[in-house]
Amino acid sequence: MTGFPRFHPLHTPGHGVSEEAVCRAGPSLALVKYWGKSLSGDNLPATPSLAVTLGGVHTETRASLSQADDDTVSVDGAVQDPARYSFFFDTLRRELGISARFRAASTNSFPTSAGLASSSSGFAALTGACARAAGCAASTADLSAIARAGSASAARSVFGGFVLLPAGARRAQQVYGPEHWPDLRIVVAVTHRAPKAVTSRRAMEETRARSPYYFSWIKKSSDLLPGALRALESRDLELLGETARHSYSLMHGAILGARPPILYWLPATVSVIHACAAMRAAGVGAWETIDAGPQVKILCLSKDADAVIARVGALGGGIQTILCRPGPGLQYGPGLP
Ligand code: DP6
């Protein structure tokens, strides 16, 4: 995948002036979790993951070609560490067959540090905006492979709806568009706003190197995929929710097994888990999942969303909720609402 045809170039080689390209992406919420990398060094996932791309929240990235020697990225106004982006930009240039440097600024429509998988939407939007700024017409699948170099979950965010990233895969694939399940809702319960102490990347590595449960997790996560795909196909919330709960519980069990243990949950996280159990016991389908942080994401149907938001709000402690639904893949400006 090199040397993509250029479309309507925004850049005149030699003059160094380019217009800004704008791209949006929604965060990718995994129902079957990616946790662990193959040892190839290429940021390939060791587990399959199945996710929904969230609508109602997004990262928006503005990118242009730069005359500087290095790529620069800011997120919500904060300049980012170039080391975190170098493999991504090297991959982007290699895959698109270009040598340009980029200047990019991203903003999240959701609260920063809300634990909403901002690296998935962030690297997906960055990929789309940079490819546009360079005038490269790459397919969504190829953009997925580039985004993966930044964050494996970002390979999923370039697609809308329900997205699969198989174990060892270079790119994700859409399983269904967002229209497949328009009644599905995801209530994000933000329990704590400070940035997490251990990044998911480091915690993944610690789990692989120091948890006796890591290889059981890798095996079991693959076993969960067929049931999750069946549940998705038949829009069976109970089966999907039960599978998603098992996936996050196994993942956090493996993380907690590291030495020293890594515990992302706070008391408020546990109180939301219990609130979901109480709602299910009372006949409200509320199925939680948790990523590498203290926030809880609750799957439910649109008819129950108000009840779920009220129940979580009643827990107090400053827990805030954000209502999301299955959303679109990459969207390009100008003219975005
Ligand atoms: C818990 O995609 O952020 O959210 O590839 O190292 O950047 P890197 O990791 P990242 O990990 C996401 C982990 C997760 C589960 C998931 O989204 O599947």
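Residues numbered from 1 in each chain as written. Predicted model: local features only at pLDDT ≥ 70, side-chain atom pairs only at ≥ 80, totals over all residues. Heavy atoms only, no water.

*Asks:* Please explain the pairing of strand E1 (residues 21–25) as it appears in this structure.
*Replies:* Two faces, one strand: in a regular strand the side chains alternate between the faces of the sheet. Among the five residues in E1, five count as buried, and that is most of the element. Residue alternation in E1 divides its side chains into two sets, Ala21, Cys23 and Ala25 and Val22 and Arg24, and both sets are buried. Taken together, the five bridges between E1 and strand E4 (residues 59–66) define a ladder with antiparallel strand orientation. Bridging across to E4, Ala25 finds its partner in Thr59. The sheet contact formed by E1 and strand E14 (residues 331–332) spans two bridges and is antiparallel. Opposite Arg24, over in E14, you have Gln331 as the bridge partner. (Buried < 20%, exposed > 50% of the residue type's maximum accessible area, 1.4 Å probe, protein only. Helix = DSSP H or I, 4+ residues; strand = E, 2+ residues; numbered from the N terminus. Pairing = 2+ DSSP bridges.)

*Asks:* Before we go on, may I ask you to explain the pattern of salt bridges in this structure?
*Replies:* Any two side chains of opposite charge can pair, on the condition that their charged atoms come close. Counting across every chain of the model gives 16 salt bridges. For Arg171, the salt bridge identified is with Asp142, shortest N-O distance 2.4 Å. Of the two residues, Arg171 sits in the loop between strand E8 (162–165) and strand E9 (173–176) while Asp142 sits in helix H3 (residues 140–150), which places them 29 residues apart along the sequence. The exposure class assigned to Arg171 is partly exposed, which follows from its relative accessible area of 31%. Overall, Asp142 belongs to the buried group, its relative accessible area being 13%. Between Arg245 and Glu288 there is a salt bridge, and its shortest N-O distance comes to 3.0 Å. Pair noted here: Arg245 is in helix H7 (residues 237–256) and Glu288 is in strand E11 (residues 287–289), with a separation of 43 residues, a long-range link. Arg245 gets classed as partly exposed once you look at its relative accessible area, which sits at 27%. Taken together, the salt bridges that share partners define one network made up of Glu20, Arg24, Glu60 and Arg62. (Salt bridge = Lys/Arg side-chain N within 4 Å of Asp/Glu carboxyl O.)

*Asks:* So what exactly am I meant to see when it comes to the layout of surface pockets here?
*Replies:* Over the atoms rolls a probe the size of a water molecule, and its path tells where empty space is left. Counted as a void, the largest pocket has a volume near 1300 Å³. Around the largest pocket sit 46 residues that line it, and Ala117, Ser118, Ser119, Lys196 and Ser200 are the ones nearest its centre. When residues of the lining of the largest pocket are traced back to their parent elements, those giving at least two are strand E2 (28–32), strand E5 (72–75), strand E7 (101–108), helix H2 (118–133), helix H4 (152–157) and helix H5 (200–210). Here the element with the most residues in the lining of the largest pocket is H2; it accounts for six residues. Here the lining of the largest pocket gathers at least three residues from each of two domains, domain 1 (4–178) and domain 2 (184–326). (1 Å grid on protein atoms, 1.4 Å probe; cavity = no way out; pocket = protein on both sides within 12 Å on 5 of 7 lines; lining within 4 Å. Points joined across faces, edges and corners; volume = space filled by probe spheres on them. Domains from an automatic or database assignment.)

*Asks:* Is there a simple way to think about the sheet that holds E5 in this case?
*Replies:* Picture the strands of a sheet paired through backbone hydrogen bonds; they go either parallel or antiparallel. The sheet built from six strands is open, its strands ordered E6-E5-E7-E4-E1-E14 with mixed pairing. Both edges of this open sheet fall to strand E6 (78–79) and E14, since each of them pairs with a single strand only. In terms of strand pairing, E4 meets E7 through eight bridges, oriented antiparallel. Looking across to E7, one finds that Leu65 is bridged to Phe102. Its contacts with the sheet place H2 against E1, E4, E5, E7 and E14, and it is angled at close to 35° to E4. (Contact = heavy atoms within 4.5 Å. Axes fitted to C-alpha atoms, helices over the stretch in contact; angles between N-to-C directions.)

Purely geometric stuff here, so don't read any function into it on its own.
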